[in-house]
Every structure is written in structure tokens, then in C-alpha cells.
Amino acid sequence: MNIFAHIEPFQEFDDVMYYTLRFEYDDEEFDSFSEMEKFIEKFKTTGGDIYEEFSTILTLIKEIGYRGAKAKYFRSEELAEALPGRPSRTDFMTINIDSKVRLYCIRLSESVVILYNGDIKTVNGAEFCPNVKGYFREINKIAKNITREIRDNHFILEHKCIRCDDELSVEI
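About the criteria used
- Residues numbered from 1 in each chain as written.
- Predicted model: local features only at pLDDT ≥ 70, side-chain atom pairs only at ≥ 80, totals over all residues.
- Heavy atoms only, no water.
- Helix = DSSP H or I, 4+ residues; strand = E, 2+ residues; numbered from the N terminus.
- Buried < 20%, exposed > 50% of the residue type's maximum accessible area, 1.4 Å probe, protein only.
- Pairing = 2+ DSSP bridges.
- Disulfide = S-S within 2.5 Å.
- Axes fitted to C-alpha atoms, helices over the stretch in contact; angles between N-to-C directions.

Peer 1: Account for unusual backbone geometry, with residues named and values stated.
Peer 2: Trans peptide bonds make up most of the peptide bonds, and negative phi angles are found at most residues other than glycine. Residue P84 follows L83 across a cis peptide bond; omega there is 0°. Looking at the secondary structure, you find P84 in the loop between strand 4 (80-83) and strand 5 (101-107).

Written as C-alpha cells, this is what we have:
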């Protein structure tokens with residue numbers, strides 16, 4: 001079965017355009033929700049510390065949107081990134097050092113970020129956590145394919161835009 005990740009606009013701020021992914025399957029059936037919408041749906045009704053961590057990630061997205069997507073605001077996850085970044089590197093707000101909620105993403109430039117999905121990380125090392133390892137593996141595979149498309153000039157980054165002559169999608 002072939003699965004394609006379509007890149008679609010999500011939210012624009014002064015300094016950053018956020019995109020997200022929506023999957024298409026062999027039979028041209030699209031997911032009803034984008035990956036970022038799934039992330040929001042998953043956490044919007046949680047309570048306590050988990051909701052606070054989720055809320056922090058949404059605030060980070062907004063603040064980064066006005067400041068630029070500098071590498072220091074993100075947590076490196078092989079070819080991809082995650083939010084929240086390391087607490088010591090985010091100078092405009094306080095981040096819980098024990099934060100468990102992860103939103104995986106691809107930072108293509110200081111103006112273009114693709115938001116994906118995530119979950120609650122329960123053990124050290126995303127690749128070992130039963131909750132996030134699928135997201136971690138998939139976003140790294142997608143990042144590799146998008147990087148190849150940029151390298152081969154199929155996708156062109158122009159300020160806050162990703163341009164291509166065909167569909168803005170990659171096979172995963």
C-alpha cells in the first residue's frame with residue numbers, strides 16, 4: 001500500500017509559515033484530519049499537567065511564529081525536531097524541564113516549519129517509547145524524503161513558502 005504525505009498550510013505568523021501533513025492512501029482516500037489537527041484533538045480535553053504541557057506547545061508555536069524558527073527553540077530528533085525545545089535554550093518563556101508531551105515537526109528554515117503529531121513520552125529515547133516511537137520514525141522518514149525533494153529542486157523554499165511544479169507531497 002502506498003501512502004503519501006501531503007503538505008498543506010496550517011497557520012501563518014509574521015515570521016513563520018506553519019504547514020502540516022495529511023495522509024492519502026492507495027485508494028485516494030484522505031485522512032479527515034491533518035496530523036496537527038489530530039494532535040490538537042488528542043490533547044485539548046486532557047487535564048492537569050498534560051494539558052499545561054500541550055498549552056505550552058501551542059504558545060511556543062505562536063511565539064516562534066513572531067520570532068522566527070531558530071534551531072535553539074527546537075529539540076533535535078535526528079533529521080526532524082520536536083517541541084518543546086530544551087528549557088535552557090528557550091529564552092522567552094518557561095518550559096517544564098520534565099515535559100513529557102512531544103510534538104514532532106520538520107524545521108526547513110527559520111520561516112518554514114511542518115508540524116506533525118506526537119504523544120506523551122514515557123521513557124528516555126523517543127525510539128524506545130511505545131507512545132512516540134511511531135511518530136518519531138515516521139517524521140524522520142518524511143524529513144528524509146522532503147530533504148531529498150529540496151536537494152533535487154522539486155521543492156523550492158521561498159521565504160515562507162514551499163513551492164513545487166506538481167503536488168506538494170512525498171511518498172512514505
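Still to come is the rest of the account.
Peer 1: Please give an account of the pairing of strand 6 (residues 112-120) that cites residues and values.
Peer 2: Across the nine residues that make up strand 6, a large majority, eight, are buried. As judged from the four bridges shared by strand 2 (residues 17-25) and strand 6, these two strands associate in the parallel manner. When the bridges of strand 6 are listed, T20 appears paired with L115. In this sheet, strand 6 lies alongside strand 5 in antiparallel orientation, the contact comprising six bridges. Looking across to strand 6, one finds that R102 is bridged to D119. Where strand 5 hands over to strand 6, the hairpin turn is made up of four residues, counted between the paired strands.

Peer 1: Lay out the state of the cysteines with the relevant residues and their values.
Peer 2: For the structure shown, the criterion picks out zero disulfides. The thiol of C129 is not disulfide-bonded; the next cysteine sulfur, from C105, is found 17 Å away.

Peer 1: Got a sec to walk through the environment of T45? Specific residues and values, please.
Peer 2: Here T45 shows up in the loop between helix 1 (35-43) and helix 2 (48-67). Note on T45: relative accessible area 68%, which makes it exposed.

Peer 1: An account of the sheet that holds strand 3 (residues 75-77) is needed here, citing residue identities and associated values.
Peer 2: If you trace the seven strands from one edge of the open sheet to the other, you get 3-4-5-6-2-1-9, paired in mixed fashion. Looking at strand neighbours, the two that pair on one side only are strand 3 and strand 9 (169-171), the edges of this open sheet. Here the strands of the sheet are splayed against their neighbours by 35° on average, with no regard to which way each runs. Two elements, strand 1 (residues 3-12) and strand 9, share three bridges in a ladder whose sense is antiparallel. Each bridged residue has a counterpart across the sheet, and for F4 the counterpart in strand 9 is E171.

This is a description of form; function is not addressed.
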